[in-house]
Amino acid sequence: MSRNGADLALLLLAGFRHMAEEATVRLTARGHPGVRPAHDFALRAIAGGAGTVSEVGRRTSVSKQAAAKTVAFLEEAGYVRRTPDGRDRRRSQLTVTDRGVSLMSEGEAVFDELRAEWESLIGRDRVAEVQTALERLLE
């Protein structure tokens, strides 16, 4: 296999896709059908203070339309609650429900399981080295 930049990019993408797809399967089995990584990113943005769809879009780097679609799914599934904004009737405030908090917790557990599986394949130290290197590169 070549070791050029395009190959690295494809491997990083494939690694992300593998983890995301496996997490989706496992979360479905745990009672959270249809949940995708974008839903988790949005939930974490809302839990972190993104109270409007526009703010979710900004914090997750997606269009307002994509954020609205994601928030609609989360609301329909009971992960997010939309309440009227007391200061502006045209807006609503988003909050994460107990079910949403549970999803975030279960999602973390699933990703911990996946990390442990990778560690069993290539070693704990190598996984930690990859993570440290990526953190340094993305600073």
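Because the structure is a prediction, the values reported are computed rather than measured. (Residues numbered from 1 in each chain as written. Predicted model: local features only at pLDDT ≥ 70, side-chain atom pairs only at ≥ 80, totals over all residues. Heavy atoms only, no water.)

Further remarks concern the overall build of the chain. Of the regular secondary structure elements, the chain holds 6 helices and 2 strands. Taken from the N to the C terminus, the helices and strands of the chain come in the order α-α-α-α-β-β-α-α. Projected onto its principal axes, the C-alpha positions of the chain cover 55 × 30 × 20 Å. By the burial criterion, 29% of the 139 residues in the chain qualify as buried. A fraction of 51% describes how many contacts in the chain between residues 6 or more apart in sequence connect residues 24 or more apart. Taken as a whole, the chain presents about 9,400 Å² of accessible surface, with 55% of it coming from carbon and sulfur. For the chain, the centre of its 21 positive side-chain charges and the centre of its 20 negative side-chain charges are spaced 7 Å apart. (Helix = DSSP H or I, 4+ residues; strand = E, 2+ residues; numbered from the N terminus. Buried < 20%, exposed > 50% of the residue type's maximum accessible area, 1.4 Å probe, protein only. Contact = heavy atoms within 4.5 Å. Areas by Shrake-Rupley, 256 points an atom, 1.4 Å probe, with all protein chains shown as cover. Lys, Arg positive; Asp, Glu negative; His and termini not counted. Charge placed at Lys NZ, Arg CZ, Asp CG, Glu CD.)

Inside soluble globular proteins, nonpolar side chains tend to come together where they are buried. Leu-43, Val-56, Tyr-79, Val-80 and Leu-94 are the most contacted members of the largest nonpolar core, which totals 22 residues. For this core, the elements supplying multiple residues, two or more each, are α1 (5-29), α2 (37-47), α3 (53-60), α4 (64-76), β2 (92-96) and α5 (98-122). Excluding residues within four positions of it along the chain, Tyr-79 makes contact with Gly-31, His-32, Val-35, Leu-43, Phe-73, Leu-74, Thr-95, Val-96, Thr-97, Arg-99, Gly-100 and Leu-103. (Core = buried A, V, L, I, M, F, W, Y, C linked by side-chain atoms within 4.5 Å.)

Below, the discussion takes up α4. Relative to the 18 Å expected for 13 residues at 1.5 Å per residue, α4 spans 18 Å between its end C-alpha atoms, a close match to the ideal helical length. Three or more residues of α4 are buried, namely Ala-67, Thr-70, Val-71 and Leu-74. One side of α4 carries all its buried residues, which in axial view fall inside an arc of 100°. Within α4, the exposed residues directed more than 90 degrees away from the buried face are Gln-65, Lys-69 and Glu-76. Buried positions along α4 lie against α2, α3, β1 (80-84) and β2. In the stretch just after α4, Gly-78 is the one whose phi turns positive, near 85°. (Expected span 1.5 Å × (residues − 1). Arc of directions from axis to C-beta.)

Across the interface, α1 lies against α5 with an axial gap of 10 Å and an inter-helix angle of 125°. One element, α1, and the other, α5, form an angle in the oblique class. Where α1 crosses over α5, the two elements pack in a sense that is right-handed. From α1, Gly-15, His-18, Met-19, Glu-22, Ala-23, Arg-26 and Leu-27 reach across to α5, where they touch Leu-103, Glu-106, Gly-107, Val-110, Phe-111, Glu-113, Leu-114, Arg-115, Glu-117 and Trp-118. Here the contact of α1 with α5 is composed, by residue class, of 8 nonpolar, 3 polar and 6 charged. (Axes fitted to C-alpha atoms, helices over the stretch in contact; angles between N-to-C directions. Parallel < 35°, antiparallel > 145°, perpendicular 65-115°, else oblique. Left-handed = near helix turned anticlockwise from the far one by under 90°. Nonpolar A, V, L, I, M, F, W, Y, C, P; charged D, E, K, R; others polar.)

Turning our eyes to something else, we now look at the environment of Glu-108. Relative to the assigned elements, Glu-108 resides in helix α5. In this structure, the C-alpha to C-alpha distance between Glu-108 and Asp-40, residues 68 residues apart in sequence, is 9.8 Å. Within the structure, the side chain of Glu-108 is placed 3.2 Å from the side chain of Arg-44, a separation counted as a polar contact. (Polar contact = N/O pair within 3.5 Å; in protein donor to acceptor, adjacent residues only side chain to side chain.)

Moving on, we get to the pattern of salt bridges. Under the counting rule described, the total for this entry stands at 11 salt bridges. The closest approach of N and O atoms between Arg-44 and Glu-108, which form a salt bridge, is 3.2 Å. Taken together, the positions of Arg-44 in helix α2 and Glu-108 in helix α5 put the pair 64 residues apart, joining distant regions of the chain. According to the relative accessible area criterion, Arg-44 is partly exposed, its value standing at 32%. Classification of Glu-108 by relative accessible area gives partly exposed; the value is 43%. The salt bridge involving Arg-82 is made with Glu-75; its shortest N-O contact spans 3.0 Å. (Salt bridge = Lys/Arg side-chain N within 4 Å of Asp/Glu carboxyl O.)

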